[in-house]
Amino acid sequence: MRYLTFALGKGRLAYQTLELFEKIGITCEEMKDPNSRRLIFTNEELKLRFFLAKGPDVPVYVEYGAADIGVVGKDVILEAGRKVHEVLDLGYGNCRMCVCGHKDAAELLKHRELIRVATKYPNIAKDYFYNTKHQTVELIKLNGSIELAPIVGLSEVIVDIVETGSTLKENGLEVLEEICPLSARMIVNPVSMRLESERIKELLMRLRAQVIR
Ligand SMILES: Nc1ncnc2c1ncn2[C@@H]1O[C@H](COP(=O)(O)OP(=O)(O)OP(=O)(O)O)[C@@H](O)[C@H]1O
Ligand SMILES: O=P(O)(O)OC[C@H]1O[C@H](OP(=O)(O)OP(=O)(O)O)[C@H](O)[C@@H]1O
């Protein structure tokens, strides 16, 4: 039997992903050691391999088949636009992709003015403004602390993740429009889906039973 390989997004989602796998009897204790520099972990008994990767790299590993399965946020899947099958909403990492800014920027959105939009997610922002809203905007790609942009005058609005809303509140900003809800998702390589369909279906069935609870 060949190994099934999993690419798991590092960061916020990693702990809950490992917990979920543990619930269905897939354990990888070594992965939890924060001091380990080891990159890939094997469960010989179940013929599984796991590795943690930066979120945006997960769909890349899965599209190329270097990983059969990936777990990553919906935001990353939408932004990456890779040829992967999204098979399951895992029900954690819930947040929203939103257009945010100072209250008065709502008028600029309403009148579809040519505004600057700062974001870590240019593809999601472009799709929203051009295809959903039919509004021409100037996109500015940033890599973090996106809320700074409207405060220092880099842009009128931002497109970013909102979870509790406290980052916005503490910086005098608010949600102006909601783009879509987000959560952790499981993705599968299309070829693996066919070649390993029995193993993947069984895994999905067991995961679904946990997710619904
Ligand atoms: N408050 C939140 N902020 C950002 N992401 C969140 C939040 N809540 C849930 N998520 C989900 O968790 C995923 C991973 O978030 P995390 O912050 O670890 O990654 P990241 O934003 O790529 O981090 P970094 O840029 O620091 O590497 C996101 O892609 C998103 O789907
Ligand atoms: O609604 P909240 O609960 O406040 O969460 C949302 C904030 O968290 C994320 O930032 P992150 O902590 O990943 O840092 P970053 O801005 O450097 O990416 C996101 O980009 C928002 O800034």
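In case you missed it, the structure is sitting above this.
These numbers were taken from a predicted model, which means no experiment stands behind them.

(A) Structural context of the pairing of strand 4 (residues 69-73). For strand 4, the tally of buried residues reaches 5 of 5 residues, placing the bulk of the element in the interior. Note that strand 1 (residues 4-9) and strand 4 share 3 bridges and pair parallel. Looking at the pairing, A7 lines up with G70 of strand 4. Both strand 4 and strand 11 (residues 184-188) contribute to a ladder of 5 bridges, which runs antiparallel. Each residue of the ladder has a partner; that of G70, found in strand 11, is I187.

(B) Inspection of the pattern of salt bridges at higher detail. Applying the stated rule across the entire model yields 11 salt bridges. Ionic pairing is found between K74 and E86, a salt bridge with its closest N-O pair at 2.6 Å. With K74 in helix 3 (residues 74-80) and E86 in strand 5 (residues 85-89), the pair connects residues that are 12 residues apart, well separated along the chain. For the salt bridge of R206 with E202, the shortest nitrogen-to-oxygen distance reads 3.3 Å. Taken together, the residues span about one helical turn, with R206 and E202 both in helix 9 (residues 197-212) at a distance of 4 residues. Here R206 falls in the partly exposed class, since its relative accessible area comes to 32%.

(C) Seen up close, the site of ligand 1. Close to ligand 1 lie 13 residues, the nearest being R12, G73, D75, K120 and E163. Side-chain polar atom of D75 to an oxygen atom of ligand 1: 2.5 Å apart, as the coordinates give it. Between K120 and ligand 1, the recorded distance is 3.1 Å, taken from a side-chain N or O atom to an oxygen atom. Out of a free accessible area of 610 Å², ligand 1 has 73% covered by protein chains. Here the shell around ligand 1 is built from residues that sort into 4 nonpolar, 3 polar and 6 charged. Taken together, domain 1 (4-93 + 183-211) and domain 2 (95-180) each give at least three residues to the shell around ligand 1, which thus spans both.

(D) Highlighting the layout of surface pockets. When its volume is computed, the largest pocket comes out at roughly 1,200 Å³. Surrounding the largest pocket, 38 residues form its lining, R12, D75, K120, Y121 and I161 being those nearest its centre. Put simply, the parts of the chain that give the lining of the largest pocket at least two residues each are strand 4, helix 3, strand 9 (157-162) and helix 7 (166-170). Element by element, the count of residues in the lining of the largest pocket is highest for helix 3, at 5 residues. When grouped by side-chain class, the residues that make up the lining of the largest pocket number 13 nonpolar, 14 polar and 11 charged. Here the lining of the largest pocket spans two domains, since at least three of its residues come from each of domain 1 (4-93 + 183-211) and domain 2 (95-180). Its volume calculated, the second largest pocket comes out at about 310 Å³.

(E) Looking closely at the site of ligand 2. Looking at ligand 2, there are 13 residues lining it, with E147, E163, T164, G165 and T167 nearest. In the model, an oxygen atom of ligand 2 is placed 2.9 Å from a nitrogen or oxygen of the S145 main chain. Protein coverage of the free-state accessible area of ligand 2, which is 500 Å², stands at 74%. Among the cavities detected, the one that contains ligand 2 is the largest pocket. Residue assignment for the shell around ligand 2 shows that the elements contributing at least two residues are strand 9 and helix 7. For the shell around ligand 2, the per-class residue count stands at 2 nonpolar, 6 polar and 5 charged.

Cut-offs and rules
Residues numbered from 1 in each chain as written. Chains lettered and ligands numbered in written order. Predicted model: local features only at pLDDT ≥ 70, side-chain atom pairs only at ≥ 80, totals over all residues. Heavy atoms only, no water. Buried < 20%, exposed > 50% of the residue type's maximum accessible area, 1.4 Å probe, protein only. Helix = DSSP H or I, 4+ residues; strand = E, 2+ residues; numbered from the N terminus. Pairing = 2+ DSSP bridges. Salt bridge = Lys/Arg side-chain N within 4 Å of Asp/Glu carboxyl O. Near = heavy atom within 4 Å. Polar contact = N/O pair within 3.5 Å; in protein donor to acceptor, adjacent residues only side chain to side chain. Areas by Shrake-Rupley, 256 points an atom, 1.4 Å probe, with all protein chains shown as cover. Nonpolar A, V, L, I, M, F, W, Y, C, P; charged D, E, K, R; others polar. Domains from an automatic or database assignment. 1 Å grid on protein atoms, 1.4 Å probe; cavity = no way out; pocket = protein on both sides within 12 Å on 5 of 7 lines; lining within 4 Å. Points joined across faces, edges and corners; volume = space filled by probe spheres on them. Sits in = over half its atoms within 2 Å of the grid points.

Just geometry here; none of it tells us what the structure is for.
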